[in-house]
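Survey of secondary and tertiary structure
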Amino acid sequence: MKKYLSIFMVMLLVLSIGLVGCSSQAPADTPAEENGEEATEPSADDDVIRIGVFQPITGANAAGGELEVEGVRLANELYPEVLGKKVELVIVDNRSDVQEAASAANRLIERDKVSAIIGSWGSGFSMAAGDAVRDNQIPAVAASATNPLVTQGNDYYFRVCFIDPFQGVVMANYAYNNLGARKAAIVREISNDYAVGLARFFEDAFIELTGDPDSVVAIADYQTGDQDFTSQLLNVNAQNPDVIFAPGNFTESALVIRQAKEQGIDIPFIGGDTWETPEFIEIGQEHVEGIVFSTFFTSETPITSESETFLAEYRKRYNREPAAVTALGYDAYILILDAIERAGVVDSVKIRDEIAKTQGFEGAAGIISLDENGDAVKSAVIKTVTDGKFIYMDTIEPF
Amino acid sequence: MSFELFLQYLTNGISLGSLYALIAIGYTMVYGILKLINFAHGEIFMMSLYFGFYGVSVFSMPWYISFIVAIGMTALLGMMVERAAYKPLRESPRITIMVSAIGVSFFLQNLAIVLFGGRPKAFPNVRLLTEVMQIGSVSFQRLTMIIPIVTVVLLFALLYLVNNTKTGMAMRAVSKDHETARLMGVDVNRTITITFGIGSILAAIGGIMWGAKFPQIAPFMGVMPGLKCFIAAVVGGIGNITGAIIGGFILGIGEIMLIAFLPNLTGYRDAFAFILLIAILLFRPTGIMGEKISEKV
């Protein structure tokens, strides 16, 4: 009897591993028809246009990916058709992993035969997909990837947000003018292309502002997934900076700031667009009060009529204020749809050409005009945390 | 470096080291009895954090009740894992059980993704534990004082259990020889189940302390602490409880001091643990508290 029981238990274990193996690719809340696992034969079905969405849905960056997918889905619900055909989203998970990002993009192109791709949250993942997108001539629109290398030298990659050289200057200006900082320190996530890039642009801009090549007094690194940052913070603090610029993933950044305050380090922290997730405040608690970061969009000052539609629909569905990346995910989708409409045919090269021509397009997060690199030129928004909420402070126009 | 600053580094090192030590005890204890490296230990640790999280945030229990429930559930989980994945293989070669342990580890990681989602969650903040205290110029969370105390108390409790109780005697007998122990009337299955239960309780206590200190939980978070605490156990001499604690402190303080004195090596922080492992295996394979010196559990 006991033997059968143990055999049964082992079978159960094996079975559940099998089950998990299938479903770990697609999170539980992804409807079957959208996740591509079920859509076995991406047939030459002429009534359906497939748009791939590749995002970190599991792993360290999952919260960011999820916020962006929210926006894409909302846009898909509001605008489900183009050229009389139904638009189908194929959502794949890049697991917050650079290697997985490249193969996820390949999977979208080769197996799911998508006409265009949206994503990914995280510049590193978007860069990893760059070759696949260019070689297969499938246009991709990144929603919130800000590293300039995402679109540079790649005719098929576009984005609906500003880039880090601008963001770095905005934050350096803020530190220099608003905080009166003359000495800055940088704490960056070394294994993250976005954080390293943004840190460099900040450093360059800050040095230019102060005119002192030694004005960045300390640079400390940590790895994605690290949990203890106390040593780095003490090292940085020993140099007495006026401000600490700490670009990186929201969870690590929140822990960095929290541990700094717990060590009695009372230096203002500033950062970049990745911080705007609910987890940042949940993990950082009262320690992240007063931090300042730049982002793309604020719901407090809607810019276009599309913003009004987006905000109304989002609030109705989720009963809270949208994050900036959600608005950008929404924009990436409607931009692609508009390009398909203008192209008149579902041909990825023609769609690409139309996306490249985008000028003065009204998105939820502002007017999108793409420059020759495929980057949107847009204003930046500065936000802070007060009483456990993200609060709008200022808007900085592009220079 | 000023003396105050050094004290601050040391405090941080002790705080991290005692966490490593706490989790390493569970590793080493299961190894001592079964000669099994329970690679799923890190995942059991991870599950305990989720149990604690759900207790507070979904069932809105007060944190102390939620943590006790989490410890109980983790013990149950550990015993279930033993029943399902290790017990049927008890007579198989040791390598088979080890592969099974790796399987359990992957299984639990993916189960956590399915059950709890891949999005990282924030562990409930317990003011009593996380409040910042200050002695002179050294400031730290209250937790920093609590964790070493918990670790030492658990150490003595375990040593007492193993050396002075009937269950402990049975454990020692099983660790020497299953067959003979059975012939002497020891209920081997029960003893092993208890061992896993206690090992999992230790993982859960370590997990809750970890969660209070680093309040971020995710399905893959058990991997690194699991590996590091395994290293701590090996450095101290795997199978030896006191050794595991020494190993934990060496690892924690070593990591902190490495960055303190050589800031350029920040990126090699995890490498430090693995280099330590290789060095120990090359020069003193039995660990600091080698088997011959002290009694195995």
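Residues numbered from 1 in each chain as written. Chains lettered and ligands numbered in written order. Predicted model: local features only at pLDDT ≥ 70, side-chain atom pairs only at ≥ 80, totals over all residues.

1. Focus on the overall build of chain B
Which entries qualify depends on this criterion: Each helix is a run of DSSP H or I of at least 4 residues and each strand a run of E of at least 2, with the numbering of both proceeding from the N terminus. What the globule rule says is 2.2 Å times the number of residues to the power 0.38, and the radius of gyration is computed from C-alpha atoms. For the exposure call, what matters is how many other C-beta atoms sit within 10 Å of a residue's own: 20 or more marks it buried, 12 or fewer exposed, and in between partly exposed, using C-beta atoms placed from the backbone. The contact rule is simple: place each C-beta atom from the backbone, and if two of them lie within 7 Å, those residues are in contact.
The secondary structure content of chain B amounts to 12 helices and four strands. In terms of overall size, chain B behaves like a compact globule, its C-alpha atoms giving a radius of gyration of 19 Å where 297 residues would be expected to give roughly 19 Å. If you line up chain B on its principal axes, its C-alpha atoms span 60 × 50 × 35 Å. Expressed as a percentage of its 297 residues, the buried residues of chain B come to 53%. For chain B, the share of sequence-separated contacts (at least 6 apart) that also reach a separation of at least 24 residues comes to 75%.

2. Remarks on the overall build of chain A
Helix and strand counts for chain A come out as 12 helices and 15 strands. For chain A, buried positions account for 57% of its 399 residues. Sequence separation of at least 24 residues holds for 68% of the intrachain contacts in chain A that already meet a minimum separation of 6.

3. Remarks on the domain arrangement of chain A
Residues and elements named next belong to chain A. For clarity, the cut-off: Segment limits for the domains were obtained from an automatic or database-derived domain assignment. Polarity classes work like this: nonpolar for Ala, Val, Leu, Ile, Met, Phe, Trp, Tyr, Cys and Pro, charged for Asp, Glu, Lys and Arg, and polar for all others, with Gly in that last group.
Taken domain by domain, chain A comprises domain 1 (32-162 + 303-368) and domain 2 (164-295 + 382-396). A separation of 29 Å is found between the C-alpha centroids of domain 1 and domain 2. Looking at the side of domain 1 that touches domain 2, the elements with two or more residues in it are α2 (62-78) and α4 (123-135). Among the residues making up the side of domain 1 that touches domain 2, the classes are represented as eight nonpolar, eight polar and no charged.

4. So, helix α4 (residues 94-116) of chain B
Residue and element names in this part refer to chain B. Operational definition: By definition here, a helix of n residues has an expected span of 1.5 Å times n minus one.
Its 23 residues place the ends of α4 33 Å apart at the C-alpha level, agreeing with the 33 Å of an ideal helix rising 1.5 Å per residue. Within α4 the residues assigned to the buried category are Ile97, Ser100, Ala101, Val104, Ser105, Phe107, Leu108, Gln109, Asn110, Ala112 and Ile113. Gly117, located one to two residues past α4, shows a positive phi value of around 85°.

5. Notes on unusual backbone geometry
Where the residue is not glycine, phi is negative for most of them; where a peptide bond is considered, it is trans in most cases. Residues and elements named next belong to chain A. Following Gly119, the chain continues to Ser120 via a peptide bond in cis, the omega torsion being 5°. Position of Ser120 relative to the elements: it lies in the loop between β4 (116-118) and α4. You will see that Asp387, though not glycine, has its phi angle at about 50°, which is positive. Of the residues examined, Asp387 has 7 C-beta atoms within 10 Å and is grouped as exposed.

6. A short note on the pairing of strand β8 (residues 216-222) of chain A
Keep this limit in mind: By definition, the crossover connecting two strands over a helix is right-handed if that path, from the first strand to the second, turns clockwise as seen with the strands pointing away from the viewer.
Most of β8(A) is tucked away: five of the seven residues are buried. As a crossover connection, the stretch from strand β7 (residues 184-189) of chain A through helix α6 (residues 193-210) of chain A into β8(A) is right-handed.

7. Points about the sheet that holds strand β9 (residues 243-245) of chain A
Residues and elements named next belong to chain A. What counts here: A pair of strands counts as paired when DSSP detects no fewer than two bridges linking them. Inter-axis angles, ranging from 0 to 180 degrees, are taken between N-to-C directions of lines fitted to C-alpha atoms, where helices are fitted over the stretch in contact.
The strand order across the open sheet formed by seven strands is β8-β7-β9-β10-β11-β14-β15, and the pairing between neighbours is mixed. Edge positions in the open sheet fall to β8 and β15 (389-396), since each of these has one partner strand only. Strand after strand, the sheet turns through a mean of 25° between neighbouring axes, direction not considered. Its contacts with the sheet put α6 on β7, β8 and β9, and the angle it makes with β7 is roughly 165°.

8. Details of the packing of helix α5 (residues 164-178) of chain A against α6(A)
Residue and element names in this part refer to chain A. What counts, and what does not: With respect to orientation, any angle under 35 degrees is reported as roughly parallel, any angle over 145 as roughly antiparallel, any angle of 65 to 115 as roughly perpendicular, and every other angle as oblique. Left-handed describes a crossing whose near helix is turned anticlockwise from the far helix by less than a right angle; the clockwise case is right-handed.
At a minimum axis distance of 8 Å, the contact between α5 and α6 shows a crossing angle of 45°. Regarding the angle of α5 to α6, the classification is oblique. Taken as a pair, α5 and α6 cross one another with a handedness that is right-handed. Contact residues: Asp164, Pro165, Gln167, Gly168, Val169, Met171, Ala172, Ala175 and Tyr176 in α5; Gly197, Leu198, Phe201, Phe202, Ala205, Phe206, Leu209 and Thr210 in α6.

9. Details of the packing of helix α10 (residues 223-236) of chain B against helix α11 (residues 241-261) of chain B
All names here are of chain B. Here α10 crosses α11 at 120°, and the two axes come no closer than 7 Å. On the basis of their axis angle, the class for α10 and α11 is oblique. Every pair of crossing elements has a handedness; the one defined by α10 and α11 is right-handed. Contacts from Lys228, Cys229, Ile231, Ala232, Ala233, Val235 and Gly236 of α10 reach α11 at Gly243, Ala244, Ile245, Ile246, Gly247, Gly248, Ile250 and Leu251. In terms of residue class, the contact of α10 with α11 is made up of 10 nonpolar, four polar and one charged.

10. Things to note about the environment of A:Val92
Position of A:Val92 among the secondary structure elements: in strand β3 (residues 85-93). In this structure the C-alpha to C-alpha distance between A:Val92 and A:Arg107, which are 15 residues apart in sequence, comes to 8.6 Å.

11. Concerning helix α3 (residues 98-110) of chain A
Residue and element names in this part refer to chain A. In this model α3 runs 19 Å from its N-terminal to its C-terminal C-alpha over 13 residues, within 8% of the 18 Å that 1.5 Å per residue would give. Those residues of α3 not exposed but buried are Glu100, Ala101, Ala104, Ala105, Arg107, Leu108 and Ile109. Looking at the buried residues of α3, the elements they touch are β1 (48-55), β3, β4 and α4.

12. Notes on the interface of chain A and chain B
Opposite the 40 residues of chain A that make contact, chain B presents 35 residues. Residue assignment for the side of chain A that touches chain B shows that the elements contributing at least two residues are α1 (2-23), α2, β8, α7 (230-237), α8 (250-262) and α9 (278-284) of chain A. Top element by residues in the side of chain A that touches chain B is α1(A). It accounts for seven residues. Residues belonging to the side of chain A that touches chain B are distributed by class as follows: 18 nonpolar, 16 polar and six charged.

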